[in-house]
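# Breakdown of the fold
The lines below spell out each chain.
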Amino acid sequence: MKLKKCAALILTAAMTAAIAAGCGSNGGGADNGGGNEGGSGNESSSADDNTSKEPAGEIEVDFWTAPQQVQYDLWESKAQAFNETKTEVDGKVVKVKVQQMPESPSSEAGIQNAIATETAPAVSENVNRGFAATLAASDVVYDLSGEDWFNEVVEARQMSETMENWAIDGKQYVLPVYVNPMVWQWNMKGLKALGYDKAPETVEEFTEIMKAFETKKDALAEVGVTHSFYRPSLGRPDQYWDRWFDFMMIYNGVSGGKSIVEGNKLTMDKDAAISAMEVIGAFGNSVQQGELSSIWVEENPSVLVSINAPWEISLYRENNVVYGENYVYGPSLVNKSGDTPYNYADSKGLTFYKAKNVSEEEHKGAVEFVKWVYSKENSAQSDLDWLNATTMLPVRGDLNENEAFAEVMGEYPELAALAEWVPYAIPGLATDKDADIWTAFTEVCSGPYMNEVVEAEPGSAPDATSYIEAAIEAMKQAGGLE
């Protein structure tokens, strides 16, 4: 069953079930309409109904989705199904209204502007950990860690381990919705041309492959591979967010999941940071830094490896690019076999706003909606609907064990492979200075370091010590860190 077709069937079934539940939830009308001694039964019934039943008020809850149509469509269907349940808060019926958040200049800017102008939603998706830290610093979002319903959702989705990595000063401001574990995407034809039948797992194996890249150029040319790595943003400070996907992904693996920032302190492990930078350095002069498009849908991709892009899975399939044959995912590199392959979590979730325009009733209504979507009874189906609609993995610890996902995981081995790394995916820094920190890092470290890298042979990384030392000081200054 194709994902879109499956999603349509699932959403229809969910809405039908919710509508049926809503129709049966307002019982008691027949009892009130019974006969009345000494008078006309029908007249008494009408009078009794009019005097004993006030029309229920309504609480309108604004829910903002990410600025993508597929996510709007999914949440709109969920809101419609929930609205049919006629859930009440303080005697008023909750009605969820869905709209896309502003996209320009950024969704984060759109949310901040809405808070400032008192037009904020009660709840939105599309919030990452770094932006949540920014919002928390302004005290405009709710801490969910002490809420019973939140902890029940965490239990239902088996995401306790994940939530440890989402904490901000010991509090939880986001209910994660999806996660793309960022790992390596390898060209299988290229690997086989080098004499390998699987992706490397350790830094040593990776370095061997890079050395082979230099000595087996003719074999690589036969399958169209001209460059080892595609990464045009490495020297661009204005694309600071890419440091999450390259440097931070690698650092998480080689450091064993060590933090980079905790509170007001820079805690980055210097030796691990040097090792991570030198992994990038090992690509040498074979890095493709020019802007290309749709590399992986070519019959013979020109690169050996890139950072994976799970949101492009549907595109690959439409172009007959087959997982396991044309490409394969490899874990974030570790120091020795058996180490945990911690990686970067491209992950966002739901946040509830304490904006001036959001009333307590509206907040309660938003909570009721999210509780319903991710309740013990609904969470698996809701997450399956999300997976079918977006092909992005929901944040769950049981994706490869829960029978609800068995059909999709069986049909999509690429998703099953990524799901293995979900528990080890670490979200961005818990600081409102995230952009400043990574911009500074690129300016003094990855940018100038790449000037040396492009002069080196693959497998012979330049020493990154001085660059990381400079980065540590620059990151401290940019982030106001100790």
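As a reminder, the structure under discussion sits directly above these lines.
Attention in this report is confined to the structure presented alongside it. Residue positions are given per chain, counting from 1 as you read along its sequence in written order. Two thresholds apply to this predicted model, a pLDDT of at least 70 for residue-level local features and 80 or more for giving and counting side-chain atom pairs, whereas whole-chain, interface and lining totals are computed over all residues. Heavy atoms throughout the structure, all of them, feed into the side-chain values; hydrogens and water do not.

## Some points on the overall build of the chain
The condition is simple: Here a helix means four or more residues in a row that DSSP labels H or I, a strand means two or more in a row labelled E, and each is numbered from the N terminus. Only protein chains enter the accessibility calculation, which uses a 1.4 Å probe. A residue is then buried if its area is under 20% of the maximum for its type, exposed if over 50%, and partly exposed in between. Contacts were defined at the residue level, with two residues in contact if any of their heavy atoms lie within 4.5 Å. Here the open area of atoms and residues is found with the Shrake-Rupley method and a 1.4 Å probe, where only the protein chains shown may cover a residue.
Within the chain, the secondary structure is distributed over 20 helices and 14 strands. The 482 residues of the chain split such that 52% are buried. Sequence separation of 24 or more characterises 77% of the internal contacts of the chain that already satisfy a separation of 6 or more. For the chain, the exposed area adds up to about 20800 Å²; of that, 45% sits on carbon and sulfur atoms.

## Comments concerning the sheet that holds strand E7 (residues 227-230)
The following threshold applies: Strands are labelled as partners when DSSP assigns at least two bridges between them.
What the 5 strands build is an open sheet, ordered E10-E7-E11-E6-E12; its pairing is mixed. Across the chains shown, the open sheet's two edge strands, defined by having one partner strand only, are strand E10 (287-288) and strand E12 (327-330). Of the pairings in the sheet, the one linking E7 to strand E11 (residues 303-307) comprises 2 bridges and is parallel in character. Note that in E11 the partner of His 227 across the bridge is Val 303.

## A closer look at the nonpolar core
In plain terms, the rule: Definition used in this section: a nonpolar core is a set of buried Ala, Val, Leu, Ile, Met, Phe, Trp, Tyr and Cys residues joined via side-chain atoms within 4.5 Å.
In this structure, Trp 184, Trp 186, Phe 247 and Ile 260 are the most contacted members of the largest nonpolar core, which totals 148 residues. The element that contributes the greatest number of residues to this core is helix H12 (residues 242-255), accounting for 8 residues. Apart from residues lying up to four places away in sequence, Trp 186 is in contact with Leu 191, Ala 199, Pro 200, Phe 206, Ile 209, Trp 296, Leu 304, Val 305, Asn 326, Tyr 327, Val 328 and Gly 330.

## A look at the layout of surface pockets
Gaps left between atoms show up when a probe the size of a water molecule is rolled over them. Defined as follows: The rule is simple: put a 1 Å grid over the protein atoms alone, call a set of points where a 1.4 Å probe fits but cannot get out a cavity, call an open set with protein on both sides within 12 Å along at least five of seven lines a pocket, and count a residue as lining if it has an atom within 4 Å of a point. Grid points are joined across faces, edges and corners, and a volume is the space filled by probe spheres set on the points. Residues are sorted three ways: Asp, Glu, Lys and Arg are charged, Ala, Val, Leu, Ile, Met, Phe, Trp, Tyr, Cys and Pro are nonpolar, and all the rest, Gly among them, are polar.
As a volume, the second largest pocket reaches approximately 520 Å³. Around the second largest pocket sit 29 residues that line it, and Arg 129, Asn 165, Ala 167, Ser 259 and Val 261 are the ones nearest its centre. Sorting the residues of the lining of the second largest pocket by element identifies helix H6 (129-137), helix H8 (160-166), H12 and strand E8 (261-262) as the ones contributing at least two each. Take the lining of the second largest pocket: its biggest share by element is 4 residues, from H6. Of the residues that constitute the lining of the second largest pocket, the class distribution is 15 nonpolar, 7 polar and 7 charged.

## As for the pattern of salt bridges
What counts here: Salt bridges are defined as contacts in which a side-chain nitrogen from Lys or Arg sits within 4 Å of a carboxyl oxygen from Asp or Glu.
A full pass over the atoms with the stated rule returns 17 salt bridges. Salt-bridge contacts for Lys 217 lead to Glu 214; the nearest nitrogen and oxygen are separated by 3.6 Å. A relative accessible area of 44% places Lys 217 in the partly exposed class. Looking at Glu 214, the relative accessible area reads 23%, which means it is partly exposed. The closest approach of N and O atoms between Asp 339 and Lys 336, which form a salt bridge, is 3.2 Å. Judged by its relative accessible area of 26%, Asp 339 is partly exposed. You can call Lys 336 exposed: its relative accessible area is 54%. One network of salt bridges, with partners in common, ties together Arg 157, Asp 383, Arg 396 and Asp 398.

## Topic: the packing of helix H13 (residues 270-281) against helix H19 (residues 434-453)
This is how it is decided: Lines are fitted to the C-alpha atoms to define the axes, a helix being fitted only along its stretch in contact, and any angle between axes, read from their N-to-C directions, falls within 0 to 180 degrees. Our angle categories are set so that under 35 degrees counts as roughly parallel, over 145 as roughly antiparallel, 65 to 115 as roughly perpendicular, and the remainder as oblique. The hand of a helix crossing depends on one turn: near helix anticlockwise from the far one by less than a right angle means left-handed, and clockwise means right-handed.
Their axes nearest at 10 Å, the elements H13 and H19 cross at an angle of 40°. As far as their axial angle goes, H19 and H13 are oblique. As for the relative orientation of H13 and H19, their crossing is right-handed in sense. In this structure, H13 uses Met 277, Glu 278, Ile 280 and Gly 281 to contact H19, whose residues at the interface are Phe 441, Cys 445, Ser 446, Tyr 449, Met 450 and Val 453.

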